[in-house]
Structure formats: C-alpha cells, structure tokens
Amino acid sequence: MFLVGQTLILLGFIFQICNLIIDVRFMLYKRNFIEDKKYRNRFLDYLIFGMVCLFCVVYLIIFFAKIKSVWVGILLFAGACFVTTVLLWIYTLTKGIRASAFSISKTLIGVVEARDPNLNGHSLHVQELSMLIYKYLPQPLHKGIGSENLKYAALFHDVGKLGIPEAILNKPGKLDDDEWKIMRTHPEISVKILKPLHSFDNLRNWILYHHERMDGRGYYTIPKEQIPLAARIISVADTYSAITMARSYKPGKSYEEAIAIIKDVAGSQLDKYIVDIFCSIPKEEVEACICRIQAQTQNL
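Because the structure is predicted, anything quoted here is derived from the model rather than measured.

**Concerning the overall build of the protein chain**
Phase 1: Looking only at helices and strands, one finds 14 helices and 0 strands in the protein chain.
Phase 2: For the protein chain, the N- to C-terminal ordering of α and β elements is α-α-α-α-α-α-α-α-α-α-α-α-α-α.
Phase 3: Counting all 300 residues of the protein chain, 43% fall into the buried class.
Phase 4: The long-range share in the protein chain, meaning contacts at least 24 apart out of those at least 6 apart in sequence, stands at 72%.
Phase 5: Only carbon and sulfur atoms are counted for the fraction: they give 64% of the accessible area of the protein chain, which is about 16300 Å².

Next comes the structure, spelled out in structure tokens:
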C-alpha cells in the first residue's frame, strides 16, 4: 500500500508539472488578446501560476516524507486531476469565446460590405494581407503591435462606411468634391463606432490613420513620424487589395501591375520599408490571401 501511495503522489506531481505547462501556455496565449488596459489585471494569472508551483513543491515534500497512508496519495492524485480538468476547461472555454468574438466581428463586416457591393470581401482581404506582412516583419517589431491587435484593426479599418450614404458608396463613377469629403470621414466614423469598446483604445489611431501618406498629404495631413507602424501596414495591404480587386467601375489588376504601382508610390504615399517587405513576400503567398477569402465567401 505504501508503494501505491507513493506512486499516486508521484503521478500527482507529474500532473502538476503538466498543469504548470498548461498555465504558462495559457498566459502566453492571452498575451495576444485585445484587452481593455484600464481593467487589465494580471494578479489572478500570477496567483494561479504561484499556486501550481507551490503544489509541485508540496507534492515533492510529501513524496520524500514517505507518508505511509495510501489515502494521502489518493487525495493528492485526485487533486492534481481536478486542477488539470479546471485548467483545460478554462483554456478550451477561452478559445471558444475568442473564436465566437471573431465570428461576430466578421458578421459585422459582412453587414458593412453588403451595403457596398464593390467591397466584396475587401476587409477580410486587407486583414489577410496585413497578417502576412506582420509575419515577415522583424521579430522585434512584433512586440509593439501584437498579432491579435493588428488582426482586428485591419478587419475594422472600413467599418466607418456604415455611416456613409449608400448613394456615395454605390456611385459607379468618380465622386465629386462634396461626396469625396464625406467619404474621407469614414476612418473617423470607424473610431466613433468602436469608441464604446475600451479594448480597442490602442487600435483607434491605427484605424484612423490608415489613409495617411508619408508625404503628409493624407486625410488628416499628419507627418509621417506620427503615423503608427500598424497603420502603415494596413495602408499597404489596403492599397494592394484596392488595386487587385475588381470594382463595378474598374477591373482588378494583376499581381505584377499592383506591385509596380505600390513600388512607384513607396516613400510618397506608402511607407517604403513596409513596401519593401511586402514586395519580398513570395507571389504565391500574397495571392493565396484572396483565394482564402473567396473560399470563405463561397461557404457562407
């Protein structure tokens, strides 16, 4: 019975080590979440991590103390199994909530694009392209952006078009000056729509300034030094998508034509550094983005 008890305690210790790994992976997983910084609280994360570490130490102490009661082994093993079950349940639940939140977000974007047939998956395309650029960014630049933050900012960059009259959105010809002034307000409207969501506080300028230019002649004429890196990424992705996707008033251009245009405006309209990264990405990966969007659209 003594050996049974010791074996159960040792198995419990192994389970607690697994729990430690699960907890660390969960904390790393949460780092990419869009969080409301005002209410961010890491105390519980560190408390759970500390408790699991303490459990590991206690299990070792009890194991080497060689307590001869098999019930101690049973209780410790059952406790380890319970902690494992709870951590896995929380991890799975969190992933499910995250997936649901993104599905709801895509539904909202679908509403936006339903009002403007010319968009036709444009927001999802920009998101795919932005994430592809992010993948090829030097690793040190990742920390200042965050994949989940960029993912949502790129998806919602045109959500402000909900506030633009359909007559302007669906106009087949060129917009006149007054109509263009209204169209240029869509980044500001995007920020107003997302304002109640405090978790988007850090993303607002990324969305607001995605039409800014390196030469200072963008929507808000701000100097290039004040344009966030994420906004520059979205701008390159947005430009490529707009060039290559067909509209009611123009056919879509090829990858080669789009790259030539983007290179031509690098340094004036677009950030040359981001353009250079984008142009270095294999053509197959860039074109795969629109293939994934078309597949998603067909499945809806």
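Next, the rest of the story.
**Overview of the packing of aromatic side chains**
Phase 1: Applying the stated criterion to the full structure yields 9 aromatic pairs.
Phase 2: One aromatic cluster is present, formed by Y152, F156 and F200 through successive ring pairs.

**Remarks on helix α11 (residues 229–244)**
Phase 1: Between the first and last C-alpha of α11 there are 23 Å, a value that for 16 residues agrees with the 22 Å anticipated at 1.5 Å per step.
Phase 2: In terms of burial, α11 is largely enclosed, as 14 of its 16 residues are buried.

**A word on the packing of helix α12 (residues 255–264) against helix α13 (residues 272–280)**
Phase 1: Contact geometry for α12 and α13: axes closest at 10 Å, N-to-C directions at 160°. By the criterion of interaxial angle, the relationship of α12 to α13 is roughly antiparallel. Considering the relative orientation of α12 and α13, their crossing is left-handed. Residues Y255, I259, I262 and K263 of α12 touch α13, and the partners they reach there are V275, F278 and C279.
Phase 2: Residue composition of the contact of α12 with α13, grouped by class: 6 nonpolar, no polar and 1 charged.

**A closer look at the pattern of salt bridges**
Phase 1: For the structure on display, the rule yields 10 salt bridges.
Phase 2: R217 is the salt-bridge partner of D215, the closest N and O atoms lying 3.6 Å from each other.
Phase 3: Residue D215 is classed as partly exposed on the basis of its relative accessible area, which comes to 33%.
Phase 4: On the basis of relative accessibility, which here comes to 61%, the residue R217 falls in the exposed class.
Phase 5: Salt-bridge contacts for K272 lead to D276; the nearest nitrogen and oxygen are separated by 3.1 Å. Of this pair, K272 and D276 are both found in helix α13, 4 residues apart, which corresponds to roughly one turn of the helix.
Phase 6: Look at K272 and you get partly exposed, because its relative accessible area is 48%.
Phase 7: Judged by its relative accessible area of 40%, D276 is partly exposed.

**Quick word on the packing of α11 against α13**
For any two helices packed against each other, one specifies the inter-axial angle together with the distance between the axes.
Phase 1: It is at 10 Å that the axes of α11 and α13 come closest, and there the two elements cross at 50°. Relative to α13, α11 is oriented oblique. Crossing hand, α11 versus α13: right-handed. Between α11 and α13, the contacting residues are L229, R232, I233, V236 and Y240 on the first element and I274, V275 and F278 on the second.
Phase 2: Among the residues forming the contact of α11 with α13, the class breakdown is 7 nonpolar, no polar and 1 charged.

**Structural notes on the side chain of D158**
Phase 1: Mapped onto the elements of the fold, D158 is located in the loop between α6 (147–155) and α7 (166–169).
Phase 2: A polar atom in the side chain of D158 sits 3.1 Å from the side chain of H186.

**Remarks on a nonpolar patch on the surface**
Phase 1: A grouping of L10, L11, I14 and F15 is seen on the molecular surface, where their side chains present a nonpolar patch of about 300 Å² in accessible area.
Phase 2: Mapped onto the secondary structure, L10 falls in helix α1 (residues 2–30).

**Digging into the side chain of S190**
Phase 1: The topology assignment puts S190 in helix α9 (residues 186–194).
Phase 2: Those residues in contact with S190, other than ones at most four positions away along the chain, are F156, H157, D158, V159, G160 and I207.

**Points about the environment of K151**
Phase 1: The topology assignment puts K151 in helix α6.
Phase 2: K151 sits 24 residues away from Q127 along the chain, and the two C-alpha atoms are 6.0 Å apart.

Conventions adopted
Sequence order sets the numbering: in each chain, residues are counted from 1 along the sequence as written. The model is predicted, so local features are restricted to residues of pLDDT at least 70 and side-chain atom pairs to those at 80 or more, both for listing and for counting; the totals for chains, interfaces and linings are taken over all residues. Only heavy atoms go into the side-chain values, all of them from the structure, while hydrogens and water stay out. Going along the chain from the N terminus, every DSSP run of H or I of four or more residues is numbered as a helix, and every run of E of two or more is numbered as a strand. Burial classification: accessible surface area is computed with a 1.4 Å probe over protein chains only, and a residue below 20% of its type maximum counts as buried, one above 50% as exposed, and the rest as partly exposed. When checking whether two residues touch, look at their non-hydrogen atoms; a contact exists if any pair is within 4.5 Å. Only the protein chains shown count as cover for residues, and the accessible areas themselves come from Shrake-Rupley with a 1.4 Å probe. Each Phe, Tyr or Trp ring, with Trp reduced to its six-membered ring, pairs with another whose centre is within 6.5 Å; inter-plane angles below 30 degrees give stacked pairs, above 60 give edge-to-face pairs, and intermediate values give tilted ones. Helix span is expected to be 1.5 Å times the residue number reduced by one. Working convention: axes come from line fits to C-alpha atoms, limited for helices to the stretch in contact. Angles between N-to-C directions cover 0 to 180 degrees. An angle below 35 degrees is treated as roughly parallel, one above 145 as roughly antiparallel, one from 65 to 115 as roughly perpendicular, and anything else as oblique. Crossings are sorted by hand: turned counterclockwise from the far helix by less than a right angle, the near helix makes the crossing left-handed, and turned clockwise it makes it right-handed. Here the term charged refers only to Asp, Glu, Lys and Arg, the term nonpolar to Ala, Val, Leu, Ile, Met, Phe, Trp, Tyr, Cys and Pro, and the term polar to all other amino acids, Gly among them. Think of a salt bridge as a Lys or Arg side-chain nitrogen and an Asp or Glu carboxyl oxygen that are within 4 Å of each other. Between N or O atoms, a polar contact is any pair within 3.5 Å; within protein, one atom must be a potential hydrogen donor and the other a potential acceptor, and residues adjacent in sequence are included only when both atoms are from side chains. Patch members must show over 30% relative accessible area and no salt bridge, and they are joined within 9 Å when carrying like charges or within 5 Å when they are nonpolar side chains of Val, Leu, Ile, Met, Phe, Trp or Tyr.

Don't take any of this as a statement about function, it's just geometry.
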